[in-house]
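Secondary and tertiary structure notes
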Amino acid sequence: MGVMRSLIVAVTVLTTSLLLAQIAPAASTTPAAETSRQVTQLATGWRFFFRDTAGAQAPGFDDAGWQTVSVPHSWNRVGTYLTTNIPHTNRPDTVNKSQGIAWYRLPFATPAGSRGRQVWLEFDAASRAAEVWLNGRKLGEHRGGFSRFRLNATAALAPDGKNLLAVKVDNSNPAPGSSTADIFPLAGDFFVHGGLYRPVRLVMTNPIHIAMTDAGGSGVYARTESIGQGRARVGATIKLSNDGARAAQLVVAASLIDGSGRQAATVSKPLVLAAGATADAAVQLDVARAHLWQGVEDPHLYKLVATVSEGGRVLDRVTQDFGIRQMAFDPDKGFQLNGKPYALRGVGYHQDHEGKGWAIDETDVARDIAILRDMGVTSIRLTHYQHGEPIHRLADRAGIILWDEVAVVSTWTLGNEETMPPARLANVRQQLRELIRQNYNHASVANWGLANEVDFGNSLPGFVTPPNGQLADPLILLKDLRQIATMEDPSRPTSIATCCEGRLFAPGTEVPIVSGAVDLGGANRYFGWYYGVPEDLRDHLTQLRAARPGQPLAITEYGAGGALSMHTDNPLGGPVDSRGRNQPEEYMSYVHEQNWGILSERHDLWATWLWSGFDFATTIRREGDADDINTKGLVTYDRAVKKDPYFFYRANWSSNPTVYITGRRYTDRAYGITDVRVYSNAPTTELVLNGRSLGTRNACPQKICVWPAVRLQTGANRIVARGTFGKSRVEDVVQWTLANEVAANIRIDSGALMAAPSESGRFGSDNFFEGGTAGTVNAPANYGRPAEVKQIAGSRDAALLATYREGTFSYRVPARPGSYTLRLSFVEPSESVGARVFDVLVNGERRLAGIDIASAGGAPLTLVQRTIPVQVGADGLLIDFRPTRGKAIVSAVELLSAN
């Protein structure tokens, strides 16, 4: 099965400055003699007030006490990092999570030359709903927070040219009976910011013009129909409106202009348009020497110019970028661009920035794209709603291929509804048509995403659980949306991102199978994070492919959270707190390394998108070192810090010379011996510790170079990684310290991914073990609900002792030779006397025999300690835990120097 489509061009690694240089105004004021369409930005002089206010639409309303703002604008500021050693834009005192009704008012003068013309108000987005008045007259409303809409303001303009525009917006959270109950999205793991967060404009046209009321689209819709033997055919439909009082004999024309200004193709046709009528003009452009849009390798763009003229006078003109390309999606060969295999590697992307929310501008978007291209991204999944014009335009110019998505997220009913109300169905249909028509001409857009994670069934997460615990059948909605998308744009396939098919759930869990309702499959899978281990992904992909061998499949999300201030000595040391606080940066790296190792071997997947490019706001999380932030981004919310996994992908995906020492923010080390890991795409990489070379690594697998068991010196340590790229060299330097007490003693928090603080000294996370399973006596956190912390009798180190390693296992502790005291701490979680009995051997000698923690402690959750004097030789210390009944267990291992 193959689906043919078209795309764009890129030549070199893009920098922010290059992208910014490519930014063109979304619209500009142009002389009437040339095109007749005039555009005025309405950006400054707005007055804002958060709260519903009676009479605010009236021109004479007193808004003197309101705040003065510029548009784009949002009042929301959501999400804070808890670290205090790094400055952050959002702080607890600047956060604003208010949702509800707000008002904007703007006085403006009617532009010169408006007599006899049509005047339109154009909003690129207003969240979630907007009602618009001009000079006290209601022009209309728009329900949906992500798409462009236009209203005809001609009849409401003031005769004296002094106008007052009033806009009422509402981003209330949808709930049964609420003002936004019929506006998608109804739920989601992201925050819906409010406001006029994209630009607002005044547009003047002649009465005869290219359509302004076509679901916010440009009125011009072009597609690549064929490519072959150096030639291409482009079909275009131009929608026309005659708002005048007379019929007109028109000439409709379309041209493709190449980068040098040469006319590559042109066509025109006559058309008679009656007064008050609309019409579609279909044309074909034959390009003799077609320069194709080849993704990031060569994102060549033509200018597509559509005009409508009468008697030689241009009445209206629309100019847009257009790339000639074809795309194919094959279930066995993956994605193809212009007949050749093309790797789609990318990220999911939310539009908010710390300190701005959704009220970003084109320079913000350009900076994001530059960061992602530097990492080697070739595709972006625009989640989970329609994104603005700037990212589409810049993706066209950068050669980045986009997944566009309508805002159907997790749920589509409220309360105990069994079906959607008609108004809500109409809303999602409207949003889908707007998404398609407004982005139809973008070469970067590959497919239309119809839904995200609507297959929870009764395995629902807390933020979408209805009272009856069961969502309605999603297939009816998906089939409806697929029909609309295919009718609107048969040249692009539909797609979905699922959560749940094929996963192991508790008995009684039922999830619907929804992928067959669309053209392209997509799977959001978090093996190693929310469930399972990363290696489970391998068989799971085989299972999904076997279920629908004729449907192309992509991985649409995978990843893990990562806190810059949290660290582990061993990512396998204990269970990750995926919905709570303990989310070390090194574990995030581990999940990405393991998942990508599996995905990189699959050539049948048509795309892979990790989750996500940047941290973003969500009010359902208290995780890692942040509140109200999803920390799965490879880059922080403020774009200031690239996390370790960013450089893993940069080394693997990009040709940019990359040498990066991981764990660089883990500066105060808990152990004096550690593996040093370097992400490097250099042919040869050398590691130098405190001026001494530790040797080189060549062509490292997965671009991960490892120097195992590197012993640090007491005090400061300078680690240098040097990559040789031909005649040039790239170097990375980090500084780690080792305290005297840590150098002398080794303290292991058994079963812990992150070591807990202790009164007895500095512990490291579980490390140096072989075998066994990590566990905890505490219940984990879940979507903002704090973890349950149990007390341990006989100790004030409850957090330290709550975790454990159990089973048959050993520790090989890399201590320096000498005399030590081995102190072992035990806590029985729940077993009765006699259910758990085990021995402890040190260097092969039985030092504790038949220990029964339940008996020794007298009750569960009671500290039991044993100390053993030991001698450590050149090979370190081997501690074996061997059960004779049940499973052996230990909560802490301390090797304390006798010197």
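Scroll up a little and you will see the structure.
Residues numbered from 1 in each chain as written. Predicted model: local features only at pLDDT ≥ 70, side-chain atom pairs only at ≥ 80, totals over all residues. Heavy atoms only, no water.

Regarding the sheet that holds strand β21 (residues 334-337)
The condition that has to hold: Between any two strands, at least two bridges found by DSSP are needed for them to pair. Counting from the N terminus, the helices are DSSP H or I runs at least four residues long and the strands are E runs at least two residues long.
Spatial ordering of the open sheet is given by β20-β21-β22, a layout of three strands whose pairing is antiparallel. Each edge of the sheet is formed by a strand with only one pairing partner; in this case those strands are β20 (327-330) and β22 (340-341). The sheet contact formed by β20 and β21 spans four bridges and is antiparallel. Across the sheet, residue Met327 finds its bridge partner in β21, namely Leu337.

Examining the packing of helix α4 (residues 422-439) against helix α5 (residues 475-488)
To keep things clear, this is the line we draw: All axes here are fitted lines through C-alpha atoms, helices being fitted over the stretch that makes contact, and every angle between N-to-C directions spans 0 to 180 degrees. Oblique is the label for any angle not covered by the other classes, which are roughly parallel (under 35 degrees), roughly antiparallel (over 145) and roughly perpendicular (65 to 115). Each crossing gets its handedness from the near helix: less than a right angle anticlockwise from the far helix is left-handed, clockwise is right-handed. Working rule for contacts: check all heavy atoms of both residues, and any pair within 4.5 Å makes them a contact. Think of it as three bins: nonpolar holds Ala, Val, Leu, Ile, Met, Phe, Trp, Tyr, Cys and Pro, charged holds Asp, Glu, Lys and Arg, and polar takes everything else, Gly as well.
Where α4 contacts α5, the axes come no closer than 10 Å and their chain directions differ by 30 degrees. The orientation of α4 with respect to α5, classified from their angle, is roughly parallel. Pair α4 / α5 crosses with right-handed handedness. Between α4 and α5, the contacting residues are Leu425, Val428, Arg429, Leu432, Arg433, Ile436 and Arg437 on the first element and Leu477, Asp480, Leu481, Ile484, Ala485 and Glu488 on the second. When its residues are assigned to classes, the contact of α4 with α5 shows eight nonpolar, no polar and five charged.

Focus on the layout of surface pockets
Condition: For each structure, a 1 Å grid was placed over the protein atoms alone; sets of points admitting a 1.4 Å probe that cannot get out are labelled cavities, open sets with protein on both sides within 12 Å along at least five of seven lines are labelled pockets, and lining residues have an atom within 4 Å of a point. Grid points are joined across faces, edges and corners, and a volume is the space filled by probe spheres set on the points.
Approximately 1100 Å³ is the volume attributed to the largest pocket. Looking at the lining of the largest pocket, the elements with two or more residues in it are β41 (764-765), β42 (769-776) and α10 (798-802). Looking at the lining of the largest pocket residue by residue, the classes come out as 21 nonpolar, 15 polar and eleven charged.

So, the side chain of Glu488
The condition that has to hold: Whenever two N or O atoms come within 3.5 Å, that pair is a polar contact, provided that in protein one can donate a hydrogen and the other can accept it, and provided that, for residues adjacent in sequence, both atoms are side-chain atoms.
Structurally, the position occupied by Glu488 is in helix α5. Polar contacts involving the side chain of Glu488 include one to the side chain of Arg437, which spans 2.7 Å. Excluding residues within four positions of it along the chain, Glu488 makes contact with Arg433, Ile436, Arg437 and Tyr440.

A word on empty space enclosed by the protein
Tallied over the full model, the rule gives three cavities of 30 Å³ or more. The volume enclosed by the largest cavity comes to roughly 110 Å³. Around the largest cavity sit 14 residues that line it, and Tyr81, Ile86, His88, Leu564 and Thr636 are the ones nearest its centre. Its residues placed into classes, the lining of the largest cavity shows six nonpolar, four polar and four charged.

Some details on the pairing of strand β15 (residues 248-257)
Here is the rule: When accessible area is computed with a 1.4 Å probe and restricted to protein chains, residues below 20% of their type maximum are described as buried, those above 50% as exposed, and intermediate ones as partly exposed.
For β15, the buried fraction is high: eight of the ten residues fall into the buried class. Where β15 lies against strand β16 (residues 263-273), ten bridges are found, and the strand directions are antiparallel. The residue bridging Ala254 from the neighbouring strand is Val267, located in β16. Direction of pairing for β15 relative to strand β18 (residues 302-310): antiparallel, over a ladder of seven bridges. Within β18, the residue paired with Val252 across the bridge is Val308.

A word on the pattern of salt bridges
Put simply, the rule reads: The working definition used for a salt bridge is a side-chain nitrogen of Lys or Arg within 4 Å of a carboxyl oxygen of Asp or Glu.
Taken as a whole and judged by the stated rule, the model has 65 salt bridges. Its salt-bridge partner being Asp124, residue Arg201 comes within 2.7 Å of it at the nearest N-O pair. Of this pair, Arg201 sits in strand β11 (residues 200-205) while Asp124 sits in the loop between β6 (118-123) and β7 (129-134), placing them 77 residues apart in sequence. This pair shows no difference in class: Arg201 is buried, exactly as Asp124 is.

Observations regarding the state of the cysteines
The line we're drawing: Disulfides are defined as pairs of cysteine sulfur atoms found within 2.5 Å of each other.
Counted according to the given criterion, the structure contains two disulfides. Between Cys700 and Cys705 runs a disulfide, and the two sulfur atoms are separated by 2.0 Å. On the sign convention where negative means left-handed, the S-S torsion of about 105 degrees between Cys700 and Cys705 marks this disulfide as right-handed. Relative accessible area serves as the criterion here: at 9%, Cys700 is assigned to the buried category. Going through the protein in sequence order and numbering each bonded cysteine, the pairs you get are 1-2, 3-4.

Observations concerning the pairing of strand β28 (residues 521-524)
What counts here: Seen with the strands pointing away from the viewer, any crossover whose path from the first strand over the helix to the second strand runs clockwise is right-handed.
Here β28 shows no split at all, with Gly521 and Ala523 on one side and Gly522 and Asn524 on the other all buried. By the bridge criterion, four bridges tie β28 to strand β29 (residues 553-557) in an arrangement that is parallel. What sits directly across from Gly521, in β29, is Leu553. For the crossover that starts at β28, traverses helix α6 (residues 536-547) and ends in the parallel β29, the hand is right-handed.

Some thoughts on helix α2 (residues 362-375)
The α-helix advances 3.6 residues per turn, and as a result positions three or four apart in sequence lie on the same side. The line we're drawing: Multiplying one less than the number of residues by 1.5 Å gives the expected span of a helix.
Here α2 contains 14 residues, and its C-alpha end-to-end distance of 20 Å stays within 8% of the 20 Å for a straight helix at 1.5 Å per residue. Judged by how many residues are buried, α2 sits mostly within the fold: twelve of 14 residues are covered. Listed as buried for α2 are Glu362, Asp364, Val365, Ala366, Asp368, Ile369, Ala370, Ile371, Leu372, Arg373, Asp374 and Met375. At the exit of α2 stands Gly376, carrying a positive phi of roughly 105 degrees.

Let's talk about the packing of aromatic side chains
Geometrically, a pair of aromatic rings is defined through the distance of the ring centres and the angle of the planes. This is how it is decided: Two rings belonging to Phe, Tyr or Trp (six-membered ring only in the last case) form a pair when the distance between their centres is within 6.5 Å. Interplanar angles under 30 degrees mark stacking, angles over 60 mark edge-to-face geometry, and anything in between is tilted. Here, a charge over a ring is recorded when the distance from Lys NZ or Arg CZ to the ring centre is within 6 Å and its angle to the ring normal is within 35 degrees.
Following the criterion strictly, the structure yields 41 aromatic pairs and no others. For the ring pair Trp596 and Trp653, a centre distance of 5.4 Å and an interplane angle of 75 degrees mean the geometry is edge-to-face. Of this pair, Trp596 sits in helix α7 (residues 585-599) while Trp653 is found in helix α8 (residues 644-653), placing the two residues 57 residues apart along the sequence. For Trp653, a relative accessible area of 7% translates into the label buried. Their ring planes at 80 degrees and their centres at 5.4 Å tell us that Trp606 and Trp609 sit as a pair that is edge-to-face. What makes Trp606 buried here is its relative accessible area of 1%. Among the aromatic side chains, those forming a connected cluster through ring pairs are Trp596, Tyr646, Phe647, Phe648, Tyr649, Trp653, Tyr660 and Tyr679. Across the ring face of Tyr526, the terminal group of Lys632 is positioned such that the distance to the ring centre comes to 5.7 Å.

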